[in-house]
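What follows is the residue order along each chain.
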Amino acid sequence: MEANYNIPYETLISEHDLQNRIKELGRQISTDYAGQDLLLLCILKGGVLFLTDLMRQLSIPHEIDFLAVSSYGKEVRESTGVVRILKDLDEPIAGRNVLIVEDIVDTGHTLTYITNILRARQPGSLKICTLLDKKERRQVNIPVDYIGFTIPDKFVFGYGLDLDEKLRNLPFIAVATQ
Ligand code: 5GP
């Protein structure tokens, strides 16, 4: 057990396992999009470490863009389904192959909202790649094309995911022990 910011936590997914799985995802995505245009669309802030590691495992040309949406407040850890765009994309996506890079799919409300907005902009294709999937928590059915790890219904942090805006820098996925 490790302690930081007075919160005891333990490793749920190690740095080694994360990096191995991201290598596999990178290979798969490189094969699937070979010879095609590819735009990785990172959802800030949680997806940022995953994006940068995934990019380094892609052997095909690609571009990146960022979308920031409001997430849970500091006190609330339950998705309301109401999401606000805080930072929109820099460029139009009409006709492009867009792959959303997300940290975690929980209830599915956030991605449902985001994909509805993006579909209206008529991308050539729109797929989702999430590092973590809390399948048992899903409230809306949203097809996820690439999944790093399916995890149990526990609040996790590290590797881009925050605990009250902290601990995003941990190189592994952690879970509180109390
Ligand atoms: P959904 O709308 O699918 O319920 O929630 C998705 C968003 O909720 C994620 O992008 C993430 O910001 C946040 N979230 C869901 N579960 C967790 C978790 O276990 N840890 C952290 N840090 N954020 C989470």
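The structure under discussion appears in the preceding block.
Residues numbered from 1 in each chain as written. Predicted model: local features only at pLDDT ≥ 70, side-chain atom pairs only at ≥ 80, totals over all residues. Heavy atoms only, no water.

A few words now on the site of the ligand. Taken together, 17 residues lie near the ligand, and Thr-107, Gly-108, Thr-110, Lys-134 and Val-156 sit nearest. Note that an oxygen atom of the ligand is positioned 3.4 Å from one of the side-chain N or O atoms of Glu-102. The side chain of Lys-134 places a nitrogen or oxygen atom 2.8 Å from an oxygen atom of the ligand. Here the ligand, which alone exposes 510 Å², has 93% of that area covered by the protein. Here the shell around the ligand takes 4 residues from strand E6 (residues 97–105), the largest share from any one element. (Near = heavy atom within 4 Å. Polar contact = N/O pair within 3.5 Å; in protein donor to acceptor, adjacent residues only side chain to side chain. Areas by Shrake-Rupley, 256 points an atom, 1.4 Å probe, with all protein chains shown as cover. Helix = DSSP H or I, 4+ residues; strand = E, 2+ residues; numbered from the N terminus.)

Successive residues of a regular strand alternate their side chains across the two faces of the sheet. The pairing of strand E3 (residues 39–44) with strand E4 (residues 63–69) spans 6 bridges and is parallel. If you follow Leu-40 over to E4, its bridge partner there is Ile-64. Note that the unit made of E3, helix H2 (residues 48–56) and E4 has a crossover that is right-handed. Two strands pair when backbone bridges link them, and E4 and strand E5 (residues 85–87) are joined in this way by 2 bridges, in the antiparallel orientation. Directly across from Val-69, in E5, lies its bridge partner Ile-85. (Pairing = 2+ DSSP bridges. Right-handed = clockwise from strand over helix to strand, strands pointing away.)

As summarised here, the arrangement of the 6 strands in space is E5-E4-E3-E6-E7-E8, forming an open sheet in which the pairing is mixed. Lying at the two open borders of the sheet, with one neighbouring strand each, are E5 and strand E8 (146–150). Taking each pair of neighbouring strands and ignoring which way they run, the sheet shows an average axis angle of 30 degrees. Judged from the 8 bridges that link them, E6 and strand E7 (residues 125–133) form a sheet pairing that is parallel. Note on E7: the bridge partner recorded for Asn-97 is Ser-125. Sitting on the sheet, H2 touches E3, E4, E6 and E7, and the angle it makes with E3 is about 155 degrees. Packed on one face of the sheet, helix H3 (residues 109–119) meets E3, E4, E5, E6 and E7 and runs near 165 degrees to E6. (Axes fitted to C-alpha atoms, helices over the stretch in contact; angles between N-to-C directions. Contact = heavy atoms within 4.5 Å.)

From the geometry alone we can't say anything about function, so treat these as descriptive.
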